[in-house]
Structures are given as C-alpha cells and as structure tokens.
There are 4 protein chains.
Amino acid sequence: MTKPRVGLWLVGAKGGVASTAVVGLCALRRGQAGDFGLVSHLPEFRSLGLADWDAFVVGGHEIRPARLFDEAMRLVSVSHAMDERWVTESREELDAIDARVRPGTAINVGPTIRQFAGPDVPTEETPREAVARLQRDLAEFAAANRLDHTVVVNVASTEPPVDPAAVPPTWDALDRSLDDRHSPLPASSLYAIAALDLGLSYINFTPSLGSAPEAIDELARLRRTRHMGCDGKTGETLLKSVLAPMFRQRNLRVMSWVGHNIFGNMDGVVLSDPANKKAKMASKDHLLREILGYRPQTLVSIEYIESLGDWKTAWDHIHFKGFLGTPMTMQFIWQGCDSLLAAPLVLDLARFTELAWRRGETGRMTFLASFFKSPYGVAQQDFARQFQMLEAWAGS
Amino acid sequence: MTKPRVGLWLVGAKGGVASTAVVGLCALRRGQAGDFGLVSHLPEFRSLGLADWDAFVVGGHEIRPARLFDEAMRLVSVSHAMDERWVTESREELDAIDARVRPGTAINVGPTIRQFAGPDVPTEETPREAVARLQRDLAEFAAANRLDHTVVVNVASTEPPVDPAAVPPTWDALDRSLDDRHSPLPASSLYAIAALDLGLSYINFTPSLGSAPEAIDELARLRRTRHMGCDGKTGETLLKSVLAPMFRQRNLRVMSWVGHNIFGNMDGVVLSDPANKKAKMASKDHLLREILGYRPQTLVSIEYIESLGDWKTAWDHIHFKGFLGTPMTMQFIWQGCDSLLAAPLVLDLARFTELAWRRGETGRMTFLASFFKSPYGVAQQDFARQFQMLEAWAGS
Amino acid sequence: MTKPRVGLWLVGAKGGVASTAVVGLCALRRGQAGDFGLVSHLPEFRSLGLADWDAFVVGGHEIRPARLFDEAMRLVSVSHAMDERWVTESREELDAIDARVRPGTAINVGPTIRQFAGPDVPTEETPREAVARLQRDLAEFAAANRLDHTVVVNVASTEPPVDPAAVPPTWDALDRSLDDRHSPLPASSLYAIAALDLGLSYINFTPSLGSAPEAIDELARLRRTRHMGCDGKTGETLLKSVLAPMFRQRNLRVMSWVGHNIFGNMDGVVLSDPANKKAKMASKDHLLREILGYRPQTLVSIEYIESLGDWKTAWDHIHFKGFLGTPMTMQFIWQGCDSLLAAPLVLDLARFTELAWRRGETGRMTFLASFFKSPYGVAQQDFARQFQMLEAWAGS
Amino acid sequence: MTKPRVGLWLVGAKGGVASTAVVGLCALRRGQAGDFGLVSHLPEFRSLGLADWDAFVVGGHEIRPARLFDEAMRLVSVSHAMDERWVTESREELDAIDARVRPGTAINVGPTIRQFAGPDVPTEETPREAVARLQRDLAEFAAANRLDHTVVVNVASTEPPVDPAAVPPTWDALDRSLDDRHSPLPASSLYAIAALDLGLSYINFTPSLGSAPEAIDELARLRRTRHMGCDGKTGETLLKSVLAPMFRQRNLRVMSWVGHNIFGNMDGVVLSDPANKKAKMASKDHLLREILGYRPQTLVSIEYIESLGDWKTAWDHIHFKGFLGTPMTMQFIWQGCDSLLAAPLVLDLARFTELAWRRGETGRMTFLASFFKSPYGVAQQDFARQFQMLEAWAGS
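No experiment lies behind these values; they were computed from the predicted model shown. (Residues numbered from 1 in each chain as written. Chains lettered and ligands numbered in written order. Predicted model: local features only at pLDDT ≥ 70, side-chain atom pairs only at ≥ 80, totals over all residues. Heavy atoms only, no water.)

1. What to know about the overall build of chain A
Helices and strands together make up the secondary structure of chain A, namely 14 helices and eleven strands. Within chain A, the fraction of its 396 residues that count as buried is 67%. By sequence separation, contacts in chain A at least 24 residues apart represent 78% of the contacts at least 6 residues apart. Averaged over its 43 positive side-chain charges, chain A has a centre that lies 4 Å from the centre of its 47 negative ones. (Helix = DSSP H or I, 4+ residues; strand = E, 2+ residues; numbered from the N terminus. Buried < 20%, exposed > 50% of the residue type's maximum accessible area, 1.4 Å probe, protein only. Contact = heavy atoms within 4.5 Å. Lys, Arg positive; Asp, Glu negative; His and termini not counted. Charge placed at Lys NZ, Arg CZ, Asp CG, Glu CD.)

2. Focus on the relation of the copies chain A and chain C
Once chain A is rotated about the relating axis by 180° and shifted along it by 0.0 Å, it coincides with chain C to within an RMSD of 0.0 Å. As the rotation angle and translation indicate, the two copies are arranged about a two-fold axis. A high fraction, 100%, of the interface residues of chain A reappear at the interface in chain C, so the copies pair face to face through one surface. (Least-squares fit on C-alpha atoms with pLDDT ≥ 70 in both.)

3. Things to note about the environment of Leu390 of chain C
Residues and elements named next belong to chain C. The topology assignment puts Leu390 in helix α14 (residues 383–395). Once the C-alpha coordinates of Leu390 and Leu368 are considered, the two residues, 22 residues apart in sequence, prove to be 6.2 Å apart. Those residues in contact with Leu390 that sit more than four places away from it in its chain are Val39, Phe45, Phe352, Phe367, Leu368, Ser370 and Phe371.

4. Digging into the packing of helix α6 (residues 127–144) of chain A against helix α8 (residues 187–197) of chain A
Residue and element names in this part refer to chain A. Orientation of α6 relative to α8, taken along the N-to-C sense of each, is 50°, at an axis distance of 9 Å. Between α6 and α8, the angle is such that the two are oblique. For the crossing formed where α6 meets α8, the hand is right-handed. Residues Pro127, Ala130, Val131, Leu134, Gln135 and Leu138 of α6 form the contact with α8, whose participating residues are Leu190, Tyr191, Ile193, Ala194, Ala195 and Asp197. Residues that form the contact of α6 with α8 fall into these classes: ten nonpolar, one polar and one charged. (Axes fitted to C-alpha atoms, helices over the stretch in contact; angles between N-to-C directions. Parallel < 35°, antiparallel > 145°, perpendicular 65-115°, else oblique. Left-handed = near helix turned anticlockwise from the far one by under 90°. Nonpolar A, V, L, I, M, F, W, Y, C, P; charged D, E, K, R; others polar.)

5. Comments concerning the packing of aromatic side chains
Overall, the coordinates contain 50 aromatic pairs over all chains when judged by the stated rule. Ring pairs connect the aromatic residues Phe45, Phe352, Phe367, Phe371, Phe383, Phe387 and Trp393 of chain A, which therefore count as one cluster. Against the face of Trp86 of chain B rests Arg85 of chain B, its NZ or CZ located 4.2 Å from the ring centre. (Phe/Tyr/Trp six-rings, centres within 6.5 Å; stacked < 30°, edge-to-face > 60°. Lys NZ or Arg CZ within 6 Å of the ring centre and 35° of its normal.)

6. A closer look at the pairing of strand β6 (residues 226–229) of chain D
Working note: regular strand, side chains alternate between the two faces of the sheet. Residues and elements named next belong to chain D. Side chains Arg226 and Met228 project from β6 onto one buried face, and the interleaved His227 and Gly229 project onto a second face that is buried too. Bridge count for strand β5 (residues 201–204) against β6 is three bridges, and the pairing is parallel. What sits directly across from Tyr202, in β6, is His227. Between the parallel pair β5 and β6, the chain is carried across by helix α9 (residues 214–222), and the sense of this crossover is right-handed. (Pairing = 2+ DSSP bridges. Right-handed = clockwise from strand over helix to strand, strands pointing away.)

7. Regarding helix α13 (residues 338–358) of chain D
Residue and element names in this part refer to chain D. Taking 1.5 Å of rise per residue, the 21 residues of α13 would be expected to cover 30 Å, and the 31 Å separating its terminal C-alpha atoms lies within 8% of that figure. Within α13, 19 of the 21 residues are buried, which leaves it mostly tucked inside the rest of the structure. The positive-phi residue at the C-terminal boundary of α13 is Gly360, with phi of around 75°. (Expected span 1.5 Å × (residues − 1).)

8. Things to note about the packing of helix α1 (residues 16–29) of chain A against helix α2 (residues 68–77) of chain A
Residues and elements named next belong to chain A. For the pair α1 and α2, the least separation of the axes is 9 Å and the interaxial angle reads 95°. The angle between α1 and α2 falls in the class roughly perpendicular. Counting all contacts with α1, which are made through Gly16, Ser19, Thr20 and Val23, the residues of α2 involved are Leu68, Glu71, Ala72 and Leu75. Residue classes in the contact of α1 with α2 are distributed as four nonpolar, three polar and one charged.

9. What about the interface of chain A and chain C?
On the chain C side, the residues contacting the 24 residues of chain A number 24 residues. The largest contributions to the chain A side of the interface with chain C come from Gln297, Ser307 and Trp315 of chain A, which together make up 25% of the buried area. Seen at the junction of chain A and chain C, the total is zero salt bridges. On the surface where chain A and chain C come into contact, there are nine residue pairs in polar contact (both at pLDDT 80 or more). (Buried area = accessible area lost by both parts, 1.4 Å probe. Salt bridge = Lys/Arg side-chain N within 4 Å of Asp/Glu carboxyl O. Polar contact = N/O pair within 3.5 Å; in protein donor to acceptor, adjacent residues only side chain to side chain.)

10. With respect to the interface of chain B and chain A
Chain B puts 64 residues into the contact, and the matching count from chain A is 65 residues. Buried area between chain B and chain A, summed over both chains or domains, comes out near 5200 Å², and the portion from carbon and sulfur atoms is 64%. In terms of surface lost to chain A, no three residues of chain B exceed Arg250, Phe323 and Leu324 of chain B, which account for 19% of the buried area on that side. Counting the contacts that link chain B with chain A gives four salt bridges. Taking the shortest distance from any N to any O, the salt bridge between Arg248 of chain B and Glu44 of chain A comes out at 2.2 Å. Joining chain B to chain A, the criterion identifies 23 residue pairs in polar contact (both at pLDDT 80 or more). Secondary structure elements with two or more residues in the side of chain B that touches chain A: α1 (16–29), α10 (236–249), β9 (311–321), β10 (327–337), α13 (338–359) and α14 (383–395) of chain B. The element contributing the most residues to the side of chain B that touches chain A is β10 of chain B, with eleven residues. A breakdown of the residues in the side of chain B that touches chain A according to their chemical character gives 39 nonpolar, 16 polar and nine charged. With seven bridges joining them, strand β10 (residues 327–337) of chain A and β10 of chain B adopt antiparallel strand pairing. Directly across from Gln335 of chain A, in β10 of chain B, lies its bridge partner Thr329 of chain B.

11. Points about the relation of the copies chain B and chain A
Each of the two chain copies can be brought onto the other by rotation about an axis and movement along it. Overlay of chain B on chain A (RMSD 0.0 Å): rotation 180°, translation along the axis 0.0 Å. When the interface residues of chain B are mapped onto chain A, 100% of them again lie at the interface, so the same face is used by both copies.

12. Quick word on the confidence of the model for chain A
For chain A, the average pLDDT comes to 94, and 99% of its residues sit at 70 or higher. Interface predicted TM-score (ipTM) for the complex: 0.96; the corresponding pTM is 0.96. (pLDDT = per-residue confidence, 0-100.)

13. As for the pattern of salt bridges
Inspection of every chain in the model, using the stated rule, returns 92 salt bridges over all chains. With a shortest N-O distance of 2.8 Å, Asp197 of chain A and Arg223 of chain A are connected by a salt bridge. Taken together, the residues span a long stretch of sequence, with Asp197 of chain A in helix α8 and Arg223 of chain A in the loop between α9 (214–222) and β6 (226–229) at a distance of 26 residues. Classification of Arg223 of chain A by relative accessible area gives partly exposed; the value is 34%. In this structure, Glu354 of chain C engages Arg358 of chain C in a salt bridge whose closest nitrogen and oxygen atoms are separated by 2.7 Å. Taken together, the residues span about one helical turn, with Glu354 of chain C and Arg358 of chain C both in helix α13 (residues 338–358) at a distance of four residues. Assessed through its relative accessible area of 0%, Glu354 of chain C is described here as buried. Exposure remark for Arg358 of chain C: the relative accessible area of 32% places this residue in the partly exposed category. It is possible to trace a salt-bridge network through shared partners that takes in Glu214, Asp217, Arg221 and Arg364 of chain A.

14. Structural notes on the pairing of strand β4 (residues 149–154) of chain C
Residues and elements named next belong to chain C. Among the six residues in β4, six count as buried, and that is most of the element. Judged by which residues are buried, β4 turns out to be covered on both faces: His149, Val151 and Val153 on one side and Thr150, Val152 and Asn154 on the other are all buried. By the bridge criterion, six bridges tie strand β1 (residues 6–11) to β4 in an arrangement that is parallel. Residue pairing across strands places Leu10 opposite Val153, the latter belonging to β4. Pairing between β4 and strand β5 (residues 201–204): four bridges, direction parallel. Each bridged residue has a counterpart across the sheet, and for Val153 the counterpart in β5 is Ile203.

Set out below in structure tokens:
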C-alpha cells in the first residue's frame, strides 16, 4: 500500500495553537519531539496503523496578517513556553506553510475578533460566496499537494454564541439560507460546511458553533464524511472531568466548585469580550452537573492577565460534604502552557480522523469524546469512560 | 426471608475511625446521616439487597483503655470534625458497644503502639493462645447477639512492616508456627487467622500485614470464607489513583510527584515512629509507577502536626513534561477529616462483604479494589477501573 | 479615678461582625476568650490604661428585624465559625442588648440592602429628620446607661459608592443640604454626623462613605471629637499590605497581582450587587500601587459562594520579575472566618478610641491606620509602618 | 576623586549563585539587566555614592573543576532559569574570570562536598597552610588588578554544622590552633580568616560557620575591617520574616508552621546529606520563635527533586488561632529561581560593603541584617524593621 498523503488544514493557522502544532509537527518529523503530550503515541494505539507524521502537509485559513515564525517566536520570548531551538530549526518549514495560508472569513465572528482582520479578508461576501471561496482554497491545496484526504481543524478564536433555534434544522433549509446576508451562521460553521460538502473531515477544537447544528451533521452523512467537536479539553476542564467522577463515586457531595482561570495570550484578549467569553464559560461549566447528577453552585471565571502569556493558571476550589455532613475542601492549581497542551491533541485528532476516513466511518466521531469539553452526540462526560470509548474504537 | 443479623467486629474499636463509624451507624439508623460519603448508598447499588443499617451489631477488640464516647467527643472538641449532636445523641449506644469490646492482642505491634496497651492486654501469650482467646470473644459475641455472620474489620494503628519471606508460605506451615513465641506474625494477622478460621469475613483497612500472606488466603479458601485489604484509600492516595491515569492517558510525562501529608490524630502519633511510618509510606507510593508504567521521582512524607487534629492536609506537587518537553505543574491541596473519610468506607465494606457471604463467594474479594491503596490480588490501580470492578460485581 | 463607663454603639448591630463582637465581649468579661486576635491585648499596650472590657455597654442601630442570639447561632451551625458554648453562655446578655437596638436608617443604602429593612425603619424621613432620630437614640442610650462616652462603630453592609464631588465641601454647606431629600449622603454618613455632632466618637469599619468627606471631618473638629476609617483590614488586603512592601524592598517587579475572594455570608449577598461591590473592590485594590510606586495589572474579585458561610477564602497569584527579568510566582491561600477576624478589631478600636477621648485628641485618628484598608488622612499603606504609628502613639 | 577599583572574590566561584552573579554583573555593565531584584538600585539608595558596576573585578576560589560558562548554561538549558542570551553575550567575560579562579580548600567541608573536589585541591594542608595559600591568591588578585579593596563573599555549598564550643573564644587562641590538623574550623572560616587578616571584607552568604565565631569578629576589629553573615534570606525564610510579624501584631496565635521546600540544584544534592541539611534547617527555623515570642510547632523540610533544577518551590502551611480560639489557615506557595534570587543580593552586599569600607566602619555590619536568615549580632528578625536599619545607615 502506498502511504496516503494527508492535508492538515488549520483554521486560525497563525494563532498560538496552530503555530505550536506546526512547530511540533516539524520536530516530530525530525524525530526530536519525543512522545510528550501525544495520545496517539500511547502503546495501545501503536498497532493501529495511524499515518506517519511525514504524511502530513499543512495549510490553512487565517484572518490576521502575521508570520508563523513570528507567532511561534512570541511563545518563546514572551511566554517562555518552549525552547527556542524548536522554532529556529523549523524556520524554513514555517515559511513554506505561510505561503499555503489563505485569507479566512470573518462573518459573524463578533467585533473583537473582526478588528484583527487584515485587508485581504473580504467584507462583503454572502455566506455562500464565502463557502465557495474557502472551497476553492481547499481544492487548490489538495491538488497542489496531491493529497488523498484533508482534515480541517478549527483552532481559531472563540466566536460569540449563536442561538441554536436560529439555525435551520435541515441541510436543505440551511443550504438555502446561505444566500441570506443576515444568516446567523458564524465563520466556524461556514468552514465546516465548506469542508464537509467537499467530503473532507472537520474538527471543531473551539467552543464556536462549528458543525454542531443537526443540519451540518446531516450534510456530513450525506457526503459520507465525518466531523467532531467541540472545544479541546486541555486543562482545568480536563481535571473536572477526571475529579468529578471520583466525588460522585465516593458520594462526596459537591456543594460548590469555583474555578478561576488567568492567562495572557490572544485567546485571552478575545475572551475579555463578554460575548465571546460566554461561549467558553458555558462549555467549561455544564459537565459538572452531568457527571454529578445534581447542580452544585459553580463559578467559572476567565481573565486576561497579560504577564502570564500562554501560561494558563487555574485555581479550583471544591467544597464538599463528607460523612455526617462535615464540609471538606480540595483545591488545585494548574500551571500549564495552553498552546502546548492543545497542539498535540490537534495532531492526534488529525491522525485518528485520517484513520476513520480510511475505515469509511461517517457522521460524528463520538469515539473522540475524551478530547472535547462538549463532545458532539455524547452524554458521557467522565474522562476515564470517554478514554475507554477511544480504546474500544482502537480495538475494533 | 428473615433479615440476617450481622456482626461488625472492629479491631481498634475505640480509635478515631471506629468511633466515627459507630457514631455514623447510630445516625444512619436514626435516618439522620444522609448519604454523604457512603458508596453503598449510590443509586447503582440500590437494588443489590444490601443489609439495612439496623441489621448490624457492633463489638470489637481494643488494647487501649478508653471510652468510645470520650474518643468520639475528642473528634468534636479537639478536631472540630463533626457536629456535637451526632455524638451526644448516640451516647447510650456508644456505652452499650463499650460493654462489648474485649482486650485485643499487642503481639508484634511495635513499641510505639504497645505503650498504649492497658493492663488487661495479656503480655505472655503465644500466638496460638492469642488466636484462641480472640476466637472465644468472637464466638461469644455471635452467640450473645444471635448473629448470622460477622465481618471483622481491622482499623487499628499501623504496625511496623514484616518481612514477607519470614512468613511460612502455606497454611499448614503457618499453623504450626503459631506455637513459636518468636513468630514474626503481627497482631493484625492473628486477628485475621482468628476470624477466617471461624468462617468469618475479614477486612484489613490498614497497611499492617493482616491477611496479606498467601498462607492466610489459603486458610480463607479452606474455610470457604473471604477477606480483603489493604489500607483504605481515603485522601491523597485516592487522588493519585484518579489523577495518575489522566497523566498517562494524555502522555504527560510525570517527572516528579511530591506529596506532603500533615495531621495530628492518634494515627499521626503512631506514624511518627519511623518503623510504623515505613509501612504506610510504601502503601502510598507504589501505585504511581504501576499506573504510569515508569518510575518518576516520588516523595511521600507524613508528619504529625498536633494542632491539625483529625484534619489531614496534603499538598501534592506534580511536575510533568508536556509537548516538546515543556515542564508544567499541577498542585493540589486536600483538607479532609481523616476519620470521616474512612468511617463510611468501613460501613460500606461491611455491607458489601455481608452480601458476598450470602452469595457464597470465597477468597480475596477483588471487586472491592477501589477501597484500598494496595488491593490484595489486584494489579489495577486506576480508581476509575477499580470502580468498574465493583459495578461489574454488583451487576452480576 | 472612677472607671469610665463606655458605650459601644454598633451600626449594623445584628450582622455577623456585630454579633461576633458582642459574643466575644461577653466571653472576655467572663475571662474565657484569651487574647487571640486582640491587638489591644499585646504587651506593648498593656500599660496604656485602656478601658477594661466590663466598662463597655453595647447598643446599636439595625434595619433588619433579627435576634442577636439567632444571628450568632448561625455562625455556629451554618459556618462552624466558633464553638457553640460561646453563644449559648452569652444568651442573656445578647437578649439584653437586643432590647437596646433601635431601627436604623436606610437612606441611600441601595436597593440590595434596603430590601432587608424591616417595617419599623422609616421610609419618608429627610436626612435631617433621620439624624435627629438617631441622635435621640444615642442620647437615650447614654442617659439610660450613665455613660461617660460612646464610640459609634459602623459595621453595616457596604453601600454603593457616592461621587465625592456631589458632597458639599464644608460643614456649613453640608448641614444645609440635610433638608434636601435628594442629598446623596448615605446612611453611613448620617450616622457619622449624628454621632460627631453630639461629640461622640465615630469609626467607619466599612468601605461606605461614613465620615470620609472633608465637611464631616470639619464637624468632628468643630465639636472637638474624633473619627477614623475606613474598611477594616482583616484578610487578603492585610496580606497585601504586608507582602507588597517586601516586593518593593527587594526590587522584585510585580507584573500582576490577582486576588479572588469567595465567601457566603450576608456581606457576600450584598456584595453580589455590582454597585455595592464596586466600593469594596476599589478599597481592596488601590494600596498596591501606593506601596509599589507603579501600577501592576491587578484583578480583585469577590464572589458569593453560599456553602462557605462566614469562611472567606482568598487565592492570590502574584507574578513578578526577578533578576535578569526572570518571571517568578508567589501564591497564597487564606482561609479565615470573616466575622472572627473583624470582631476583635472592632473591640480594639473602641478601646483605643476611648483612650483618645480621654487624651482629648480630635479629628482623624491617623494612629489607627493599621486597622484600615483605606485609612483617612494617611498615605502610608505599609502595614509594618502603620503599626509603628500605633506604637508611637502608645509610647507618647 | 578617582573611582575605586573593587575586587569581588567569590568562594564557590563556579556554583549556581556565583555564575548567576557574574552573568548578571556582565549584563549590568552592558546596561541591559534592569533593576529587577537589586536592593542597591532602590531610589532610597541612589544618592549614597555606591560603586558603579564597572568598578568590580571578579575572581574566586572553587574546589570543583568546572567552567563558568558551562555552569551558567545549565541554568538556561536544565532549569529554564534565564534567557540564553544573558549567558552567550557574557561568554568572553566568563572565560576571563575562569582564569582568575584558584583552587579552594576542602578542610572540614564534609564528605558530600569533598567528593566534588578536583585534583588541584590540596589534601594535606594544615589550616595555617591553607590560610597562607588563600592569602597569596587574594594578594595576587589585588596586585594583578590594581584593586583598592576586595570583598570576599562565601557562596559555596553548606558545610555540616560545627559545635561552637569547640572553637577557641579569642583570636589569640584561635590563631594558635591553626597548626592543629584536628581543628574543627571548616573551610568557610579559613576563607574568613584569610580575608580579614589581610584587611579585606568578608560576607558569609551561607549557613556555614564562616566568621560567626567571636574570635573571628575580634580579628576583624583588630585588622580594622568588617564582615557579616549569615545565610542569604531569599525565599521561604524571607516570607517568614515578613509574615510572622503580622501574626504577632494581630495577636493571631500560630499553632503550627510547616514549610516544605523542594528543588533540584547542586545545593539540593549537598543538602540531601543530613549533616549538611542540619545547618540549613536550623537557620530557616529559629526566627519564628524569635519574632513570635513563643514556640509554635514548626517543621521545615528541604528535599532534592531533580526535575525542578534551580526552581525552588516552597509550600508553607500556617495554622493559627483567631478570636475565640477559632483555628484558621494560611498557605503560601513560592516558586522562585534560587540562584536568581540570591545573585543580586550578592552584588548588593558587595556594593554596600565597599561603601562601609570607604566609611571606615569595622566589625559586624549589622545594618545588612535584612539580607540574612541569621544576621550576626542582630536579634531583630522582622524584615520590615531590618530594612529600616539599612535605611537608617544609608541616611546617616
């Protein structure tokens, strides 16, 4: 069998997560990055036949004018997030990828994101025109690089939430609405439609709407392709999905769970807009009551603290009742580098998705639930059991 | 079917865990305690037909001269561990149980524990004489209270570790050694032998030797009875068994895991003897390498800080490598009341064990692995998967 | 010399701080409370001749219908903030004080506080009528209890902030405005005017306006009496005033200082109104830049978490640059019982103020700066140096 | 006035603190380092006339064979303690200083330190011979670099403690003992004697014996020179000296103060020897009781955790009684880079000491108390008041 050539198309291609993923991919190809943070490198997935790292070609959409190398270097110099050599040694490849990045769309991304859009981002397109343009970019990318398949991953900034009731319930109705300049569909969903309509795979790593609507899932099944989301589970919420089952299984009654998150990257700038933050906070909060089966008082804050750069620090305070009602406390402090936690998962998702393509699987890839804060089509929020879904899929 | 009458025989009957368990049992019978901290009250175990709380009659062995009521009141006044009313409203029952507590044995418990032994604890018995005396106590307890079955639970202080190679490998050989005054068998194992030889169930909630030796498991199977241990998993180690799988499943490489535990109860006094502490620390430490599959640098300390009373505070610092080798940190602080975390598990174990007796199960009760730091006969240390063993057993 | 009889008049007489102060005063009179938390019990103030605890007679104003005993018992049963006996043994005295509490005024306290006002709180008074009524209460209290002097302490809930420019700059002008129903003067300032105009001492333990305006200080000096405020420094802000000088004196550059406060008492309910919270947060925040001499990014949040009751938990994250610009971090977690931290300071302030009265001091009592987050007339925010101001006063 | 030329002679010249100090000095000369962490750069010391950074010439003693550049690079690559450019841009100067480093002495440094000694460290010298050799090195350094004065600073690894009673009480007696091969005097004291006898200044930045003995202070006064120590106060102990006064001044009764320190630099290797650790722990612990005036239960641990490199992480748990005896808790977590906290203080001490030389001050420089965990001749342990001693000296 000839090795497949796989496209990895990043939406938000010059953000922190994308640039880290690209730098990491380069290091992996050089055999220097180790296994750290890579789920697909675990022994249980070794014999699955996942694509090699050198099978991947990277391109993407981006609305900001920026150079990948500069973005990556900021993670080094401002955030002290990784060793400088990772970036300097990947310089040529970063520049080559820069040349494959196309202007994205800023439709319904909200003013806080839109202000970053460069002059080459069209401002007058209808949704249908935007989709058509994005599809041309994807088709040219596939042709130019002789790709067997492309996985589109949304790692762009979080859009303000969309009222789900405003989205037409069927693909037919949604398709018709694409000519309407007042359609509420945000950019993340237009990218999803562009990709899925072409038979490509789509992953929504953000809390934006993406392929969440039923109508877009219908499109994926019609085109016999696949998608999944949403919102990569990398830090504080990952810990919630690990710890909350323990409280439940020991019948320790959580009275309140407070989580304060501080960090200073571009994501933080966008999330300082209350509209954008709302989508993120909802995604971080719901799983507690789903795991516990009742509603403790919860509080989630996300605040932009410039000096922290990419270092996300979370303090969680969990107040619970033990035997005979005695109140007890657990607190945790998580100090992780946001982009470096997210980037390997993006690469893992691309590998697992490519295999699902080879296996001919369609619709929502629920076996990927453990990667997401709000997994499409999955009620199970317990990380341990979500991981078993991945194991079961791998074993099938 | 007539409801069975079940004996709950506590070894270390007047310690913090025992007195909390008894106070809690009284509150449960009055319908006042709620479900907090009780695994056997979870919905998934509701239809199992576990014994009601009023089926239980409590007795026990103890080497210290003490009154249960006074011990329980110390948890209120010194440790602020529970509301005073729980103790005062149980006063009569506590006094009645006092009358059912018999002098234990202090053979091979080490000098730090032995110093607490009262004058009615024999000092010149052979191991066989001690076993015979303990068995008379158990038989009288069963007869006097017309019990259908008794579950013996060791909640006494941690003994110094015993070299496993010094314990005869078969029941036959071990039985013969009971006449030897120089036998290394500690009290915890003599209680186990006494119980199992009578066909009773035995649970070792401590890191002491108990029924760990193969020869004692053989005895259990010969007498068609059951046992399990060891060392109740209540706080910091519980969290290790919940968090370490997450680090493994995300391929986040743990470089070091430091855990400092401070508390000020009687357990703390005993553990300030390095010999006794050694057993405890080994039990708290091994599971990390078993879950992770490699050996991070680990450090576990347990220190007696008088002012904390029963409030065990643990600080854990986990230093791990993420993508591209970037070091990140998670820390947690656990502030739990030791006796109140342990006591409900003792009651749960009694209920689950009584059902295993009715079901006719023999040998090690591996389905109880999730309750223990070092579960007998179980290599699985991942709490989530251990809990699934309990669910599977319940569903069978 | 005959011992003076001193009135302690608490505004917000049935809140958490007031009820704790009263319970503590009763315990101090019985000689049972120890020295814990009492600044005036330090050896350096022993020979000052401060009034004995049995010199004090307590009364107060309150807008909520409540019983002191019930309020105090809530600190026991809901918050586990103190031993039950402190309250039960003071029951008679608490009931006697209840009889000396008069309806307060709810003028300009904002809707969140006003909703708690009982039916006996007048709703149609002009400011002048309110002041006159409050003064009658104070005069009757002094006469009925044959008091030599009364210290009025405001421990009521935090009012929304008032624009200082809206307050007339002289006593003469302010006095005339008291007939104006649209005067912006809030209750805290009316209590201050009532007290000071009678020659009594006034302490503002809250961030409300109180006696902050120049015109009210002028009144105090005209009447040859004294006052001080504002906002008792009890926990997180106390630590800021202790730690920030260290960062400055070591030239460690604070880049950001984030402080999250969670708690669940009545104060928390009131502070969940953004208007009221604004006054509090300003008071907690300014001192960092005053101590450091530059403006680090700061964030202060105060959130109501019901389960915590009176237990204020604060997490502070301080991100600073060390030598060669290397970023470092200090975090602290403060778990203190709010009322129990504040109450002894209220008693201390009453004692120190009474002595200032005997000494004939007038105007702002700047020597009390160490007790306050925003001390009137004092630029020094460094706790150590503020404490030296108290020592200097005591030594004079 | 011609600018003085000042020697900075570092004992332990290639350790983490020394190499950071040298790298920092180079950056300061280039005007790139900023003020971060430098006490002598505070505005209050600006007009004192302290020596400029380019007045300093660095040399030193060292027992390990090592290159300064390599040692400094380890702080970059292993510990991520500073930006790489600080080291690479100082490479030439580091190599020049390497050439000025002479073999030290390993007399009575204990086996854990001695194992690192290179072949050029003499093993058969008497104390007097060692002192004579060290003095030749210092004299050559001064002559070769035309120095007006030299400040010797001990930043070598911590020696095991010495029984003070074993050290002769007068210089006369101590001098005579230098021919005795069994003299208990450790290397740190021999360096002190060598320096002071030549009229140079000596600073002991470690808990080793150094110039602590009365007899060595007598020597300093006889030679009209000056010295100070001991043990630089950089992190956890600094915080103790800042926080403990607050607990005392608020009469909050500290019941227990637990401090756990973990780190992974060379200091950590040496301190994993219990003999060496003992000196360090005593130095970290005494000040609490001196500040508080009573003895809370204290616990200090220092553990070597390799993965942390130079990042010292300390967790302190302070359990205290508030009003009415209610127990409360403060915890802090300090994550600082050890060498980067210490190095600027070494440079500051050299500057302040050089000025004391110009001012003709002799004996112990008590005005430097704020820099030390155990300041010679100073009972005051409160950091704020120690800093005022420095301010007073500067203002004189």
